[in-house]
Each structure stands twice: as C-alpha cells, then as structure tokens.
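If you want the building blocks of each chain, they are given just below.
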Amino acid sequence: MSEPIIIVGAGQAGIKAAETLRLKGFDGEIQLIGDESWPPYQRPPLSKAYLKGELSEDRLFLKAADYFAGAGIGLMTGTRIAAVDPAAHAVTLTDGRSMSWSKLLLATGTRARIVPLPGADLEGVFTLRGIDDTRHVAAALQTAESVAIIGGGYIGMEFAAVARAMGKAVTVIEAQDRILKRSVAPEISQFFQDLHAGHGVRLVLGEGVARIAGADRAEGVELANGEKVVADIVLVAAGAVPVTELAEGAGLAVERGIVVDEACRTSVPDIFAAGDCTVFPSRRYGRRIGLESVQNASDQGKAAALSMLGEETAYDPVPWFWSDQYDVKLQIAGLAQGYDRTELAGDPGEGRFALRYFSGDTLLAVDAVNDPRSHMMARKELAAIGQALAA
Ligand code: FAD
C-alpha cells in the first residue's frame, strides 16, 4: 500500500486541499494533522459575529462532524508536527512518533505577531488568532470597561467596532499616521477613521508604545510620548507572521513565507505548500506575493491538491478580501500596491462608494464600501485583465 498524503495544518487551506483530493477521485490515504484542538474552522467571525456573541461556535466549523469519516479523511487534532525529513519522506510528531508520506502539504498558516513590549505577558493582554483566543478575550470583555488596542489593522479595527458596540471605552493606538495603511489608500483610511471616531473610538495615530502598564495585570498602555492610556484589557493586533519553522528545518526555500511556484510546489520535490504560510509568483503583479485571506487559503489549497495529483496548475488569483466594521462592509478586489492614481465612484458621505486604483490605464484594485455590486464587477474586470496578460 502506498504512503498517505499528509497535510500539516487543519485550517482553511488544509481542509480545502483534503476535500479537493477526494472530489478529484484520489482514493489513497489522507491524513489532515492540526495542532489546535478544533476541527477546521473559519477565522473571520472570530473578530466579528462570534466575538460579539451573535454566531454560535458550531457555525464556525467548515465541515460537519461526520464529514471526515464519510470522506475517509483522517483528522488528527491536537497533534503537532515537530520536524519534516524530506529524504526519508517522513514527519516527526512532538511525541516522537514518525509518519511516512508520499506527498506532503504544508498549510501551517500564520501566528499573531508578538511585540516584545515590557508588560506584554501581563494578565489582561490578548492576541486574536484562534477560537481559544476569542473565548478568552470575549470573557474578559464582559467585565472590562475600557479597552486599548495596539495596531490599527483589520483585526484591531474590527475588535474596536465590537467593543464599542458593547459600550466599552476604546482607544486604538497605531504607529503609522493612518489606520489600514498597509492595504488601502488614504481616502479609505480616512473613511474608516471618521466611522470609528463617529462611534466614539479614540484614535491615537503616529504614536509608538513604550510598554503595557500594570503590576499583576494590565492597567493600560504607556505611549512613547509618556501619555498613559488607561485600559482594563489590551489587545495586541500587530499583524501576523507566516509559520515557516518546519519548512526552514527541512531546508525548503523560505523568504517571508514558504516559497512556492505557480503549482504550489516548494523547492523540495513532493513537498507542497498553500495558504497564509506561502509566498507565490504573481504574473498579475510581476513579483512574489503572500496573502492572508480566506480567498487565497481556499483557492491555493485547491490548487495544491490538483498539483499533487499531477494536474497542470497555474495559480495566479484575483485576490479578494473583506472586513466588517459596525454596519459597513469593505470588500477589496486586487492589490492596491504600485498605483499612481485613484478614481472615486459614489459618495463616501452617503456611506456607499468604490475607490478604483490604477497604474497608468491598468486597473490594479477596487475597494468597495457597502457596494457589493462594484466588488463583484471588479473581480470580473480584474480576472479579464489577468487573462489578457496570460494570453
Ligand atoms: P490557518 O487557518 O491559520 O490554519 C493553519 C493551521 O495550521 C492552524 O490551525 C495552525 O495551528 C496549524 N499548524 C501550524 N503549525 C503546525 C504544526 N507544526 N503542526 C500541526 N499544525 C500546525 N480573511 C478574510 O479573507 N476576510 C476576513 O474578514 C478575515 N478575518 C480574519 C479575522 C481573524 C481574527 C483572523 C485571525 C483571520 C482573518 N482572516 C480573514 C484571515 C483568514 O482567516 C486566513 O487567511 C486563513 O485562515 C488562512 O488559512 P490557512 O489555512 O492558510 O491558515
């Protein structure tokens, strides 16, 4: 009997790959191995509806409990892979056991960036990446009166919206001069800054953090300028870091993430990678990119499965992403990097508009605010541009 396909990481990319293998008729053994105690689940609600208590935990799971047995997919939760040996075609578990594979998929995702701040290990300081994190911080939110959030990215701003909706005093501290700076134009940042300020969030922009204050537990955040922001809980939302140790230990090429080609192959034969942990070549953007999105994890997981089965695969997606803050949905298609002008369609004052990003005459990305139609049209438009590029 041939060795199984082993998938390390039972997240969005891992489950999509396992599912695709079965849908495509692969009838060999599949082992989906994850170190969390949960079966594969979706993360977006962790900073939105689930955090708010509006979505029950069972709705987070990507598959029904009986799916795995029915599809013949071996699911090992609470199991961490410690090392990969490419020459022996084997992985080692943290308990010392070894498992052989015919092909290996690394779908290890990202982890929350740890900021080495004094006080970061105090009680009342949280990060937000998994179900357990949301459980802990949601419980603390019940009794907290004030919240300080370090980082004005999507998770930080979604958390701010939920905390305000619960009536907490919220301060967001962002070292850059505007929120969401990494991914959107100043116009979009301004819209969301006004939105949050209108809901009573205090935004501290362009200011660093000196330490998290408190003796036994967090009492607030001391800014670099000496001001103390009083808070019962502190959320550190300073971005995510690809989980690449296994790949590095196995001698795979790693830049910011695990380097894969358009067929999700790593630099070592029979080892593939997909999702947040990768960087891949984008013909569309003319360079290697890494994405942290459900779209990428799911589509690349599928592409990796096809590639493992020997199908011709050229993964070069139109990236898309969304964020919900209060009653506003931001939907992003494409990447707003390297643009030289923007065009506004609609009226930000009415809360519904789209911002189109161009390099010369070429459309690069569209941010749609409460405008799903513009978002869907943008995805089609960007896909057509990609097809023309490929031709
Ligand atoms: P993950 O889902 O992170 O899965 C990787 C799994 O591998 C993890 O369970 C990890 O513990 C496990 N693992 C790592 N190393 C090992 C090991 N050695 N052994 C065993 N298991 C291991 N995206 C959007 O598009 N829209 C959103 O609105 C949005 N909101 C988000 C909100 C939050 C709070 C978070 C955290 C993310 C959000 N995202 C959103 C991003 C999206 O959830 C991720 O891009 C997606 O989950 C990535 O999937 P993945 O399979 O690559 O990684």
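Attention in this report is confined to the structure presented alongside it. The shown structure was predicted, so the numbers you read here are calculated from the model rather than taken from an experiment. (Residues numbered from 1 in each chain as written. Predicted model: local features only at pLDDT ≥ 70, side-chain atom pairs only at ≥ 80, totals over all residues. Heavy atoms only, no water.)

Notes on the overall build of the protein
Heads up, the rule is: Each helix corresponds to a stretch of at least 4 residues labelled H or I by DSSP, and each strand to a stretch of at least 2 residues labelled E; elements are numbered beginning at the N terminus. The atom set for the radius of gyration is the C-alpha atoms, and the globule formula is 2.2 Å times the number of residues raised to the power 0.38. Buried means the residue's accessible area, taken with a 1.4 Å probe over protein chains only, is under 20% of the maximum for its type, while exposed means over 50%, and partly exposed covers the values in between. When checking whether two residues touch, look at their non-hydrogen atoms; a contact exists if any pair is within 4.5 Å. For the accessible areas, the method is Shrake-Rupley and the probe is 1.4 Å, while residue cover comes only from the protein chains on display. Only four residue types enter the charge count, namely Lys and Arg as positive and Asp and Glu as negative; His and the chain termini do not. Here the site of a charge means atom NZ of a Lys, CZ of an Arg, CG of an Asp or CD of a Glu.
Helix and strand counts for the protein stand at nine helices and 26 strands. At 22 Å, the protein has a C-alpha radius of gyration in line with the 21 Å of a compact globule built from 391 residues. For the protein, the C-alpha atoms occupy an extent of roughly 65 × 55 × 35 Å along the three principal directions. Counting only residues that meet the buried cut, the protein has 51% of its 391 residues in that class. Contacts in the protein between residues far apart in sequence, at least 24 positions, make up 60% of those at least 6 positions apart. Accessible surface, the protein as shown: approximately 17,000 Å² in total, 50% of it carbon and sulfur. Between the centroid of the 38 positive side chains of the protein and the centroid of its 50 negative side chains there is a distance of 3 Å.

A closer look at the environment of P372
Mapped onto the fold, P372 is located in helix α9 (residues 372–390). For P372, a relative accessible area of 47% corresponds to the partly exposed category. For the pair P372 and T94, spaced 278 residues apart in the sequence, the C-alpha separation amounts to 45 Å.

Some words on the packing of helix α1 (residues 12–23) against helix α8 (residues 294–308)
Operational definition: Lines are fitted to the C-alpha atoms to define the axes, a helix being fitted only along its stretch in contact, and any angle between axes, read from their N-to-C directions, falls within 0 to 180 degrees. Take the far helix as your reference; a near helix turned counterclockwise from it by less than a right angle gives a left-handed crossing, and one turned clockwise gives a right-handed crossing. Classification used: nonpolar for Ala, Val, Leu, Ile, Met, Phe, Trp, Tyr, Cys and Pro, charged for Asp, Glu, Lys and Arg, polar for all others including Gly.
For the pair α1 and α8, interaxial distance at closest approach is 7 Å and the crossing angle is 35°. Crossing handedness for the pair α1 and α8: right-handed. Contacts between α1 and α8 pair Q12, A13, K16, A17, T20 and L21 from the former with V294, A297, S298, G301, K302, A305, L306 and M308 from the latter. Looking at the contact of α1 with α8, its residues break down into eight nonpolar, four polar and two charged.

Description of the side chain of H196
For the record, the criterion: Think of a polar contact as two N or O atoms within 3.5 Å of one another; within protein, one of them needs to be a possible hydrogen donor and the other a possible acceptor, and neighboring residues in sequence only count if both atoms come from side chains.
Relative to the helices and strands, H196 is located in helix α6 (residues 186–198). Of the polar contacts made by the side chain of H196, one reaches the side chain of Y326; its length is 2.9 Å. When near neighbours in sequence (up to four residues on either side) are disregarded, H196 contacts M157, A160, A161, V201, Q325 and Y326.

Describing helix α4 (residues 131–143)
Where α4 is concerned, the buried positions are I131, T134, V137, A138, A140 and L141. Against α2 (49–52), β9 (125–126), β10 (146–150), α5 (154–165) and β16 (233–236) lie the buried residues of α4.

Re the sheet that holds strand β20 (residues 278–282)
The condition is simple: Paired strands are those between which DSSP finds at least two bridges.
One open sheet holds the three strands; their spatial order is β18-β20-β21, and the pairing between them is mixed. This sheet does not close on itself; its edge strands, each paired only once, are β18 (258–259) and β21 (287–289). Here β20 pairs with β21 via three bridges, running antiparallel. Across the sheet, the residue bridging to F280 is I289, located in β21.

Here we look at the sheet that holds strand β22 (residues 320–325)
Reading across from one edge, β22-β23-β26-β25-β24 is the order of the five strands in this open sheet, with antiparallel pairing throughout. Of all the strands in the sheet, the pair left with one neighbour each is β22 and β24 (341–347). Averaged over all adjacent pairs, the angle separating strand axes in this sheet is 15°, with direction ignored. Sheet topology note: the strand β23 (residues 328–334)/strand β26 (residues 362–369) ladder contains five bridges and is antiparallel. Looking across to β26, one finds that L330 is bridged to V369. Packing of α9 onto the sheet brings it into contact with β22, β23, β25 (352–359) and β26, and relative to β26 it is tilted by some 160°.

Side note on the site of the ligand
What counts is decided by this rule: Only heavy atoms are used to decide nearness, and a residue is near a molecule or strand if one of them lies within 4 Å of it. Segment limits for the domains were obtained from an automatic or database-derived domain assignment.
As a structural note, the neighbourhood of the ligand is formed by 32 residues, with A13, D35, E36, K48 and D276 the closest of them. Between the ligand and E36 there is a distance of 2.5 Å, counted from an oxygen atom to a side-chain nitrogen or oxygen. Contact distances for the ligand include 2.9 Å between an oxygen atom and a side-chain N or O atom of R129. Among the secondary structure elements, those contributing two or more residues to the shell around the ligand are α1, α8 and β22. Partitioned by chemical class, the residues of the shell around the ligand number 14 nonpolar, 10 polar and eight charged. Residue-level mapping places the shell around the ligand at the junction of two domains, with at least three residues from each of domain 1 (5–111 + 241–308) and domain 2 (114–238).

Overview of the side chain of S146
Along the chain, S146 falls in strand β10. Those residues in contact with S146, other than ones at most four positions away along the chain, are A169, V230, A231, D232 and I233.

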